[in-house]
Amino acid sequence: MGAKALAYLPLTVLPLLIFTIFAVNFLSEIPVLNASWLGYNIAIGPFGDQGLFGILPFLPPLVYMLIHVNYFEELYFRKDVKRVIIWGLLHIAMGVAIYVAIALLPLGFFYKFIRDKYDVNHAYALHFATNLALIMVSLTAYVFL
């Protein structure tokens with residue numbers, strides 16, 4: 001259910017890739033925006049700096065977590081604008097740098113638009129597919145670049 005929303009996948013993945021290519025290096029140099037209480041992204045894990053074998057053990061639990069968290073995120077946090085902002089900022093509690101949490105807000109509003117236009121299953125399918133695509137792109141870039 002919600003497969004129709006996958007037609008919007010380029011509208012979620014491409015802006016994030018453009019953001020990563022053109023803005024991350026600049027924004028990560030700003031100490032206030034680069035603040036993260038963990039010092040690393042919880043999705044990558046604490047051993048992300050140790051190469052591919054530091055990241056691979058975290059992928060199965062990450063995908064499993066996304067299956068569940070993405071659905072409830074769409075169910076509870078896409079009901080109104082205030083909740084979208086709260087969830088975007090809660091990413092900071094997950095160890096995501098402030099500039100990344102702020103960059104995720106427009107995407108949260110887009111998922112809200114999809115939920116309002118279709119339903120929660122469509123927003124969930126798009127959100128989960130976006131996360132899977134980003135994981136695949138990140139792994140591919142990590143291995144080949």
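Look up: the structure comes first, before these words.
What you see is a predicted model, and the numbers here were worked out from it, not measured in a lab. (Residues numbered from 1 in each chain as written. Predicted model: local features only at pLDDT ≥ 70, side-chain atom pairs only at ≥ 80, totals over all residues. Heavy atoms only, no water.)

*Asks:* Sorry, what's going on with the packing of helix H6 (residues 98–117) against helix H7 (residues 120–144) here?
*Replies:* When two helices pack together, their arrangement is captured by the angle between the axes and the distance separating the axes. In the contact formed by H6 and H7, the axes pass within 7 Å of each other and the chain directions differ by 145°. The crossing of H6 and H7 is right-handed. For the pair H6 and H7, the contacting residues are Phe-110, Tyr-111, Ile-114 and Arg-115 in the first and Val-120, His-122, Ala-123, Leu-126, His-127 and Thr-130 in the second. (Axes fitted to C-alpha atoms, helices over the stretch in contact; angles between N-to-C directions. Helix = DSSP H or I, 4+ residues; strand = E, 2+ residues; numbered from the N terminus. Left-handed = near helix turned anticlockwise from the far one by under 90°. Contact = heavy atoms within 4.5 Å.)

*Asks:* I keep staring at a nonpolar patch on the surface and nothing clicks. Help me out?
*Replies:* Together, Leu-14, Ile-18, Ile-21 and Phe-22 make up an exposed nonpolar region whose accessible area comes to about 470 Å². Inspection of the secondary structure assignment puts Leu-14 in helix H1 (residues 9–22). (Patch = residues over 30% accessible without salt bridge, like charges linked within 9 Å, V, L, I, M, F, W, Y side chains within 5 Å. Areas by Shrake-Rupley, 256 points an atom, 1.4 Å probe, with all protein chains shown as cover. Salt bridge = Lys/Arg side-chain N within 4 Å of Asp/Glu carboxyl O.)

*Asks:* Sorry if this is basic, but what is going on with the pattern of salt bridges here?
*Replies:* Side-chain pairs of opposite charge can arise whenever the charged atoms involved come near each other. One pass over the structure, following the stated rule, counts 4 salt bridges. Where Asp-80 meets Arg-83, a salt bridge forms, and the shortest distance between an N and an O atom there is 3.8 Å. Overall, Arg-83 belongs to the partly exposed group, its relative accessible area being 34%. Among the charged side chains, a salt-bridge network with shared partners connects Glu-73, Glu-74 and Arg-78. (Buried < 20%, exposed > 50% of the residue type's maximum accessible area, 1.4 Å probe, protein only.)

*Asks:* In this structure, what is going on with the packing of helix H5 (residues 81–90) against H6? I would like to understand it.
*Replies:* Close contact between H5 and H6 brings their axes to 9 Å; oriented N to C, the two are set at 145°. When you trace H5 past H6, the crossing you get is right-handed. For the pair H5 and H6, contact is made by Val-81, Val-84, Ile-85 and Gly-88 and by Ala-101, Leu-105, Gly-108, Phe-109 and Lys-112, respectively. When the residues that make up the contact of H5 with H6 are grouped by side-chain class, the tally is 6 nonpolar, 2 polar and 1 charged. (Nonpolar A, V, L, I, M, F, W, Y, C, P; charged D, E, K, R; others polar.)

*Asks:* How do you make sense of H7 when you look at a structure like this?
*Replies:* Residue pairs three or four apart in sequence face the same way in an α-helix, which turns once every 3.6 residues. Between the first and last C-alpha of H7 there are 36 Å, a value that for 25 residues agrees with the 36 Å anticipated at 1.5 Å per step. Measuring from the backbone nitrogen of Asn-121 back to the side-chain oxygen at the start of H7 gives 3.1 Å, which picks out Asp-119 as the cap. (Expected span 1.5 Å × (residues − 1). Polar contact = N/O pair within 3.5 Å; in protein donor to acceptor, adjacent residues only side chain to side chain.)

*Asks:* I tried to follow the nonpolar core on my own but got confused; where do I start?
*Replies:* Looking at soluble globular proteins, one finds that nonpolar side chains tend to be buried together. In this structure, Ala-5, Tyr-8, Leu-16, Leu-107, Phe-110, Tyr-111, Ile-114, Ala-123 and Leu-126 together form the largest nonpolar core, which totals 9 residues. At the level of elements, H6 and H7 are the ones that each hand at least two residues to this core. With 4 residues, H6 is the single largest residue contributor to this core. Non-local contacts of Phe-110, meaning those with residues more than four positions away in its chain, are made with Tyr-8, Leu-11, Thr-12 and Leu-126. (Core = buried A, V, L, I, M, F, W, Y, C linked by side-chain atoms within 4.5 Å.)

*Asks:* Even after reading the chapter, I still don't get the environment of Leu-56, so can you show me in this structure?
*Replies:* When you line up the elements, Leu-56 lands in the loop between helix H3 (52–55) and helix H4 (59–77). Separated by 46 residues in the primary sequence, Leu-56 and Ile-102 have C-alpha atoms spaced 27 Å apart.

*Asks:* Looking at this structure, I do not really get the environment of Pro-31. What am I missing?
*Replies:* By the element assignment, Pro-31 lies in the loop between helix H2 (24–27) and H3. Sequence separation between Pro-31 and Asp-116 is 85 residues; the distance between their C-alpha atoms is 37 Å.

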